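# Per-entry structural report
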Amino acid sequence: MKLLEVQSSVRLEQSISRTLSHEFIQTWQNFHADGRYKQRDVGMNPPAHPTEL
């Protein structure tokens with residue numbers, strides 16, 4: 001099983017969504033020890049703004 005976490009909060013501390021997702025992922029990993037997990041953080045590493053090019 002695979003899990004992709006996409007973070008979008010710009011807050012590293014005091015972010016409720018980061019706290020909740022962290023708790024969820026820990027629980028998920030306990031039930032899916034062989035699962036694959038990746039995280040993408042667009043809050044701290046936003047993609048480049050689209051341009052005409």
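The present account deals with the structure reproduced in this document.

So, about the overall build of the protein chain. A count of helices and strands for the protein chain gives one helix and two strands. Listing the helices and strands of the protein chain from first to last along the sequence gives β-α-β. Relative to the globule expectation of 10 Å for 53 residues, the C-alpha radius of gyration of the protein chain, 14 Å, shows a markedly less compact shape. Counting only C-alpha atoms and orienting by the principal axes, one finds that the protein chain spans roughly 45 × 30 × 10 Å. Every one of the 53 residues in the protein chain was classed for burial, and the buried ones make up 19%.

Positionally, Ser 15 belongs in the loop between strand S1 (2-7) and helix H1 (16-31). Among the residues examined, Ser 15 registers a relative accessible area of 6% and is labelled buried. At a separation of 3.2 Å, a polar atom in the side chain of Ser 15 contacts the side chain of Ser 9. Here Arg 18 takes part through its backbone nitrogen, which lies 3.2 Å from a polar atom of the side chain of Ser 15.

Calculation notes
- Just so you know, the residues in each chain are numbered from 1, in the order the chain's sequence is written.
- Only residues with pLDDT of 70 or above have their local features reported here, since the model is predicted, and side-chain atom pairs are shown and tallied only from 80 upward, although totals for entire chains, interfaces and linings are computed over all residues.
- For the side-chain quantities, the full set of heavy atoms in the structure was used; hydrogens and water were omitted.
- Helical segments are the DSSP runs of H or I of at least four residues, strand segments are the runs of E of at least two, and each set is numbered from the N terminus.
- Just to be clear, the radius of gyration here is over C-alpha atoms, and the globule rule we use is 2.2 Å times residues to the power 0.38.
- Type-normalised accessible area, obtained with a 1.4 Å probe on protein chains alone, sets the label of each residue: buried when under 20%, exposed when over 50%, and partly exposed for intermediate values.
- The definition of a polar contact used here is a pair of N or O atoms within 3.5 Å, where within protein one atom must be able to donate a hydrogen and the other to accept one, and adjacent residues in sequence count solely through side-chain atom pairs.

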